[in-house]
Amino acid sequence: ATQLINRIGTMAIPFMTLYLTQKLSFSIADAGFIMMFFGVGTILGALLGGRLADRIGYRPIMIASLAMSGFGLLALLPLTGFWEISVGVFCLSIVAEAFRPAASISITRYSNSETRMRSFSLYRLAINLGWAVASALGGLLATLDYSLIFWADGLTCLISALFLFFLFKKMPETAD
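What you are looking at is a predicted structure, and each value in this text was computed from that prediction instead of being measured. (Residues numbered from 1 in each chain as written. Predicted model: local features only at pLDDT ≥ 70, side-chain atom pairs only at ≥ 80, totals over all residues. Heavy atoms only, no water.)

Asks: Would you mind going over the environment of Phe165 with me for this structure?
Replies: The residue Phe165 is located in helix 8 (residues 147-170) in this model. For the pair formed by Phe165 and Ile63, sequence separation is 102 residues and the distance between their alpha carbons is 6.4 Å. (Helix = DSSP H or I, 4+ residues; strand = E, 2+ residues; numbered from the N terminus.)

Here it is in structure tokens:
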């Protein structure tokens, strides 16, 4: 459920190149370089997220990743310079991607050998369904005002973090 809520709001990154070229008048090459920073950040974020989840646990990493992603998306709005946006997107991608390894640990902790495949399948379904909805909504919001996609994405991250925070308060550490 958390992943579905979060992914329904995933609009800023899929529309980032259009935002950079159409709204901020960057060249396609500059937009490509900024997206390269996003890609490098996701690699580092996955590594960092896994290491931190091992050290301090998957719960705080998942919640912190979502919350920091929400605020990070909103923090991108006033940025207009190439290097400002590059650093902002790089930091955002590190924080956002830290969620994935922690979520994988969570799935393995709350499932058993009989339900694990279905659990991961449902997780992937939530991601894909969320992306499908987000693409349509993001396109609509982008035609109105590009800043709306950052607000929608940021707020769904924050809502997901709150949902997960309260959900984890009610759940035991593992399903066993």
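Structure's up, so let's keep going.
Asks: Whenever I open this one, the nonpolar core confuses me. Can you help?
Replies: It is characteristic of soluble globular proteins that their nonpolar side chains tend to be buried jointly. Ranked by size, the top nonpolar core spans 25 residues in total, and within it Met16, Leu20, Leu76, Ile85, Ile149 and Phe150 carry the most contacts. Listing elements by their share of this core, those giving two or more residues are helix 2 (16-23), helix 3 (28-56), helix 4 (58-76), helix 5 (82-97), helix 7 (116-144) and helix 8. When near neighbours in sequence (up to four residues on either side) are disregarded, Phe150 contacts Ala12, Met16, Tyr19, Leu73, Leu74, Leu76 and Leu77. Formed by 18 residues, the second largest nonpolar core is a distinct cluster that contains Ile63, Leu66, Ala98 and Phe99. (Core = buried A, V, L, I, M, F, W, Y, C linked by side-chain atoms within 4.5 Å. Buried < 20%, exposed > 50% of the residue type's maximum accessible area, 1.4 Å probe, protein only. Contact = heavy atoms within 4.5 Å.)

Asks: Any chance you could explain the packing of helix 4 against helix 6 (residues 99-110) here in plain terms?
Replies: Relative orientation of the contacting elements helix 4 and helix 6 amounts to 140 degrees, with a least axis distance of 9 Å. Relative to helix 6, the element helix 4 is oriented oblique. You can see that helix 4 and helix 6 cross each other, and the crossing is left-handed. Across the interface between the two elements, Tyr58, Arg59, Ile61, Met62, Ser65 and Leu66 of helix 4 pack against Phe99, Ala102, Ala103, Ile105, Ser106, Arg109 and Tyr110 of helix 6. Here the residues of the contact of helix 4 with helix 6 are counted per class, giving nine nonpolar, two polar and two charged. (Axes fitted to C-alpha atoms, helices over the stretch in contact; angles between N-to-C directions. Parallel < 35°, antiparallel > 145°, perpendicular 65-115°, else oblique. Left-handed = near helix turned anticlockwise from the far one by under 90°. Nonpolar A, V, L, I, M, F, W, Y, C, P; charged D, E, K, R; others polar.)

Asks: Sorry if this is basic, but what is going on with the packing of aromatic side chains here?
Replies: Think of a pair of aromatic rings as described by two things: how far the centres are apart, and how the planes are tilted against each other in angle. A complete count under the given rule lists seven aromatic pairs for this structure. Considering the side-chain rings of Phe165 and Phe166, the 5.2 Å spacing of their centres and the 80 degrees angle between planes classify their relative orientation as edge-to-face. The partly exposed category is assigned to Phe165, whose relative accessible area is 36%. Judged by its relative accessible area of 46%, Phe166 is partly exposed. Site record: aromatic cluster; members linked through ring pairs are Phe26, Phe37, Phe82 and Trp83. (Phe/Tyr/Trp six-rings, centres within 6.5 Å; stacked < 30°, edge-to-face > 60°.)

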